[in-house]
Amino acid sequence: MSRKKVKLITLGADPEVFVSENGELTPCIGYFEGTKDEPTIYEINGTEIGVQEDNVMFEFNTKPADSKEAFIEIMRNTLTGCRSLLDDKGLSMEIQSSATFSEQALEHPQAQKSGCDPDENAWEEMMCDPVDLSTIRERCAGGHVHLGIKVEGEGQFPDPSIRSELVKLLDVHVGLEDVIRNPDRVRKELYGAAGSFRFKPYGLEYRSPSNYWIASDELVGKMWDNVEKAIKAYNNNFEITEEFGNQVVQAINTCNVEVCTHLLLTLNKKKEYASKL
């Protein structure tokens, strides 16, 4: 049965990063106002940036981009602006996906907050509650992407099943590469499970990726390309078999670089699949 076509209208992100002071990681607590619902908005060199503290991390929101070129430029300008904001506080940005803090550094109540809402899981079709951080000294940073999507013949993105199937394909084209490029087992044990997403009025927030991809223009562009590949695969009616899906989930959740690489190579060798991407 042919699917209704979906189109990527915009792509945005709300990455988290760690911060350091004089070369040492430090909790980003008490430096910036703003919340998830109402981030503090700054305009720096013509770029609008929403920022807030998230647990011990610094989080920022990018404006939605309607093209690969715009996505790269917006991320570049946003990172420049964020580094300026941090520099004003005597802090530096550290793009890494996990870090371990001392118990003393985590005494503040904010350091015990874990997420604001449960995640959906596209594979298990269930809600996943936030992690209890009370006995954990590790903290993890994500690089979530927000897809603004429209469905053929419709003005919104109303069907939950469309989003679930698309998230599975995002795991294939974004999630597997996330593990290959950033095999952080600490983060995968706590966050970023295969299939993690949240419904949004404009589409969805894909929550499996870490923040590795914001480190360069090339990687930012690659993220756009991989999201588009997932959408093309969906529009070409690619069906993920139960066996292949189980392998993808297991490879991502165990941070198995070898299996992730094998799965991508296997898929790219299928001419009837790769030729449509």
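One can find the structure itself at the top, above this paragraph.
A brief look at the structure comes next. (Residues numbered from 1 in each chain as written. Predicted model: local features only at pLDDT ≥ 70, side-chain atom pairs only at ≥ 80, totals over all residues. Heavy atoms only, no water.)

**So, the overall build of the protein**
Piece 1. Along the protein, the regular secondary structure elements total 7 helices and 14 strands.
Piece 2. For 277 residues, the compact-globule estimate of 2.2 N^0.38 gives 19 Å, and the C-alpha radius of gyration of the protein, at 18 Å, lies within 12% of that figure.
Piece 3. Seen through its principal axes, the protein has C-alpha atoms that stretch 55 × 40 × 30 Å.
Piece 4. The 277 residues of the protein split such that 51% are buried.
Piece 5. Excluding contacts between residues fewer than 6 apart, the proportion of contacts in the protein whose partners are at least 24 apart in sequence is 75%.
Piece 6. Of the roughly 13500 Å² of accessible surface on the protein, a fraction of 46% belongs to carbon and sulfur atoms. (Helix = DSSP H or I, 4+ residues; strand = E, 2+ residues; numbered from the N terminus. Rg over C-alpha atoms; globule rule 2.2 N^0.38 Å. Buried < 20%, exposed > 50% of the residue type's maximum accessible area, 1.4 Å probe, protein only. Contact = heavy atoms within 4.5 Å. Areas by Shrake-Rupley, 256 points an atom, 1.4 Å probe, with all protein chains shown as cover.)

**Looking at the nonpolar core**
Piece 1. Core analysis: the largest hydrophobic core is formed by 66 residues, its most contacted members being Phe-58, Phe-60, Leu-147, Leu-176, Trp-213 and Val-227.
Piece 2. In this structure Leu-147 touches Leu-8, Thr-10, Leu-11, Leu-166, Leu-170, Tyr-202, Gly-203, Leu-204 and Val-227, once residues within four positions along its chain are discounted.
Piece 3. Core analysis: the second largest hydrophobic core is formed by 9 residues, Phe-18, Val-56, Ala-99 and Phe-101 among them. (Core = buried A, V, L, I, M, F, W, Y, C linked by side-chain atoms within 4.5 Å.)

**Concerning the pattern of salt bridges**
Piece 1. For the structure shown, the criterion picks out 12 salt bridges.
Piece 2. With its nearest N and O atoms 2.9 Å apart, the salt bridge here joins Arg-76 to Asp-217. Pair noted here: Arg-76 is in helix α1 (residues 68-88) and Asp-217 is in helix α4 (residues 217-235), with a separation of 141 residues, a long-range link.
Piece 3. For the salt bridge of Arg-181 with Glu-177, the shortest nitrogen-to-oxygen distance reads 2.7 Å. With Arg-181 and Glu-177 both in helix α2 (residues 160-181), this residue pair falls 4 residues apart, about one helical turn.
Piece 4. Accessibility expressed as a relative area gives 10% for Glu-177, which makes it buried.
Piece 5. A network of salt bridges, in which partner residues are shared, links Asp-119, Arg-198, Lys-200, Glu-205 and Arg-207. (Salt bridge = Lys/Arg side-chain N within 4 Å of Asp/Glu carboxyl O.)

**A few points about the side chain of Thr-26**
Piece 1. In this fold, Thr-26 is placed in strand β3 (residues 24-26).
Piece 2. Look past the residues within four positions of Thr-26 in its chain and what remains in contact with it is Val-19, Ser-20, Glu-21, Val-56, Leu-91 and Phe-101.

**A few points about the packing of α1 against α4**
Piece 1. The contact between α1 and α4 brings their axes to 9 Å, and the two run at 140 degrees. As the angle between them shows, α1 and α4 are arranged oblique. Helix-helix and strand crossings are classified by hand; for α1 and α4 the assignment is right-handed. Counted together, Lys-68, Phe-71, Ile-72, Met-75 and Arg-76 of α1 and Asp-217, Val-220, Gly-221, Met-223, Trp-224 and Asp-225 of α4 form the full contact between these two elements.
Piece 2. Grouping the amino acids of the contact of α1 with α4 by side-chain chemistry returns 6 nonpolar, 1 polar and 4 charged. (Axes fitted to C-alpha atoms, helices over the stretch in contact; angles between N-to-C directions. Parallel < 35°, antiparallel > 145°, perpendicular 65-115°, else oblique. Left-handed = near helix turned anticlockwise from the far one by under 90°. Nonpolar A, V, L, I, M, F, W, Y, C, P; charged D, E, K, R; others polar.)

**Notes on the pairing of strand β2 (residues 16-21)**
Piece 1. Counting buried positions over the 6 residues of β2 gives 5, a clear majority of the element.
Piece 2. Bridging between β2 and strand β6 (residues 57-61) involves 2 bridges; their strand directions are antiparallel. Its bridge partner being in β6, Glu-16 is matched across the sheet by Glu-59.
Piece 3. As defined by bridge partners, β2 adjoins strand β7 (residues 92-94) across 3 bridges and the pair is classed as antiparallel. Residue Ser-20 lies in a different strand from β7, and its bridge partner there is Ser-92.
Piece 4. Pairing between β2 and β3: 3 bridges, direction antiparallel. The residue of β3 that forms the bridge with Ser-20 is Leu-25.
Piece 5. Between β2 and β3, which pair antiparallel in sequence order, lie 2 residues; one of them, Asn-22, sits at a positive phi of approximately 55 degrees. (Pairing = 2+ DSSP bridges.)

The values are spatial; any link to function lies outside them.
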